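Here is how the chains run, residue by residue.
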Amino acid sequence: MEIYMNIQEAREEIIRSVKAYTARDAQGCFRVPQERQRPLLLMGPPGIGKTAIAWQAAEICGVGMVSYAMTHHTRQSAVGLPELVRREFDGKEYTATEYTLSEIVASLYSYMKESGHREGILFLDEINCVSETLLPTMLQLLQFKTFGTHRIPEGWVIVAAGNPPEFNRAARELDMAALDRVRTLEIEADFGVWKDYALPGGVYPAILSYLEMKPEQFYRVTLTREKSEFVTARGWEDLSSVLKEYERQGLAVTHSFMEEFLRSRETAADFDAYYRLYLRCMGAYRIPELLDGRLTPEETSALKEELKAAGTDVRCMFIQHLLAAASQRMTALGEKTRRLRRLREVLGRYESTGLTPEEFLWQREHERKVKKEYGLLKEPEERVELWADLRLREILDRTDRETDMVRAADRRSMLTKEGETIEEERSALCAYLDQTTDFVAEVFGEETELADWLLGLRRHGDFAYLRFDRPEYAELQDTKSMEQRLVKQIKETEELYETADRV
């Protein structure tokens, strides 16, 4: 009987495995012998974030990561090229075949040298789609951690991923010999988990409100001889990013545009109709003006009455748009807070090195290039590092010009003032959230809409920076959270019974 987990649960299992597999005793030996360190195999439909959680796990564990799509490799690149060498046995010379270093193993050693990471995750995607000639190599890798005659470096945990055959015609079922060498994590799409990071990530509000009402449309796959239709988490995220840019530039959003991301005609048509309704509601209910504070008291009062009489779909749209607006402000505050914190760290490091500003900034640039080359530097982190370097140069130039010497006290004073400005912005944002909460409570009462608003705020990754609280609604939020957990448990129980019946 197969037990499924969501993508977040799979990430936590990868983290636990990395910690267990890299733990050493007092003598420096691995507590779990390498021959017992079974690779993890993530099996699940495409587009749900299997690669992303491996990157996240590596970042959380503070280890490196190297990723390969196995469908791009031949036996020669994975194992190495054969070469003839002379060997002597019992006084006689023989010609023997050896292999050059595997491209994958070579890249690991190069990565370790350049990045400084001695331990990490080797992520092998589409492992069950390799060619027939690579199958024996894959079995050897899974059991012995070797490509040909070349061993994976110690401290590297193998995480593989694959799509079940029903989602990929090139995929094949792994036999018992392969499955007996791995720990299989069966992963399924979960809208609730995706939603928790989609809002802070700025996913288009209409997508969130649509899926809130129709979660069954979040992930759909129909692959038969007659038709091939699918909707994935990746599709929704890509649609969100491009849709926002189309709107920013005033470009036409056509029905066929939706089908380019949502590869199910039914889902694309349904969301397209919902999107048109969403745009009309945005204008009719004057949401942008409300958020910007441009409504008069009379207009605000009239809007409240309209919303009280609105249907469920409009209410859901309205709350998601409020959350999107709050999310943007929370993300901006969080980014400023993280940047200032990082600037303080970099400045402290500079003051401890004894290097000149030019030497220190060159060193920082070199480190950044190495990280980026090996995929260690994500775009958000790169923006923070570039900003820190720019601000550091400004601070050092200003203090040098004003005092003809580098004075740490002056620099600290400048950063303290920036911190005070951020604190003022935090207070202003909390006041905005208080006002919005009062508005939602007055319009909808202590019902689902208010609970969704408050829980949506709490799920945001930067909520902790706010220190925002409405204790009078704590019971409402707890009840809503309990209901959501209960619904999930009922769904999981039903799936277990369905699986048992099939067995």
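It should be noted that the structure appears before, not after, this text.
Starting from 1, residues in each chain are numbered consecutively following that chain's sequence as written. Thresholds applied to this predicted model are a pLDDT of at least 70 for local features of residues and 80 or more for the giving and counting of side-chain atom pairs; totals over whole chains, interfaces and linings are not thresholded and use all residues. Note that the side-chain values use all heavy atoms of the structure and ignore hydrogens as well as water.

Enquirer: How should I be thinking about helix H13 (residues 297–308) in this particular structure?
Expert: One full turn of an α-helix is made of 3.6 residues, so residues set three or four places apart face in the same direction. Taking 1.5 Å per residue, twelve residues should reach 16 Å; H13 reaches 17 Å between its end C-alpha atoms and fits that length. Burial classes: relative accessible area under 20% of the type maximum marks a residue as buried, over 50% as exposed, and values in between as partly exposed (1.4 Å probe, protein chains only). The numbering of helices and of strands both runs from the N terminus, where a helix is a DSSP run of H or I of at least 4 residues and a strand a run of E of at least 2. Where H13 is concerned, the buried positions are Thr300, Leu303, Lys304 and Leu307. The buried residues of H13 all sit within an arc of 105 degrees when viewed along its axis, so they share a single face. Here, expected helix span is obtained from the residue count minus one, scaled by 1.5 Å. Here, the arc refers to the directions that run from the helix axis to the C-beta atoms.

Enquirer: Just checking my understanding: could you explain the side chain of Asp272 for this structure?
Expert: Turning to its location among the elements, Asp272 is positioned in helix H11 (residues 265–284). Take Asp272: its relative accessible area is 11%, and that puts it in the buried class.

Enquirer: Is there a simple way to think about the nonpolar core in this case?
Expert: Taken as a class, soluble globular proteins show a tendency for nonpolar side chains to be buried jointly. We define a nonpolar core as any set of buried Ala, Val, Leu, Ile, Met, Phe, Trp, Tyr and Cys residues linked to one another through side-chain atoms lying within 4.5 Å. Counting residues in each nonpolar core, the largest one holds 106 residues, and the members touching the most others are Trp194, Trp236, Leu239, Phe271 and Trp453. Sorting elements by how many residues they give to this core places helix H14 (residues 312–353) first, with 15 residues. Only heavy atoms enter the contact rule, under which two residues are in contact if any of them lie within 4.5 Å. In this structure Trp236 touches Trp194, Ile207, Tyr210, Leu211, Gln217, Phe218, Val231, Leu262, Thr267 and Phe271, once residues within four positions along its chain are discounted. One finds Met43, Val66, Ile127 and Val182 within the second-largest nonpolar core, a separate group that totals 22 residues.

Enquirer: Is there a simple way to explain unusual backbone geometry in this structure?
Expert: Excluding glycine, residues mostly carry a negative phi; peptide bonds, for their part, are mostly trans. Here Lys145, not a glycine, exhibits a phi torsion of approximately 55 degrees, which is positive. Tracing the backbone shows Lys145 in the loop between helix H5 (135–144) and strand S7 (146–147). When its relative accessible area of 3% is taken as the criterion, Lys145 is described as buried. Positive phi is not limited to glycine here, since Arg467 has a value of about 60 degrees. Considering the arrangement of structural elements, one finds Arg467 in the loop between helix H18 (448–459) and helix H19 (474–502).

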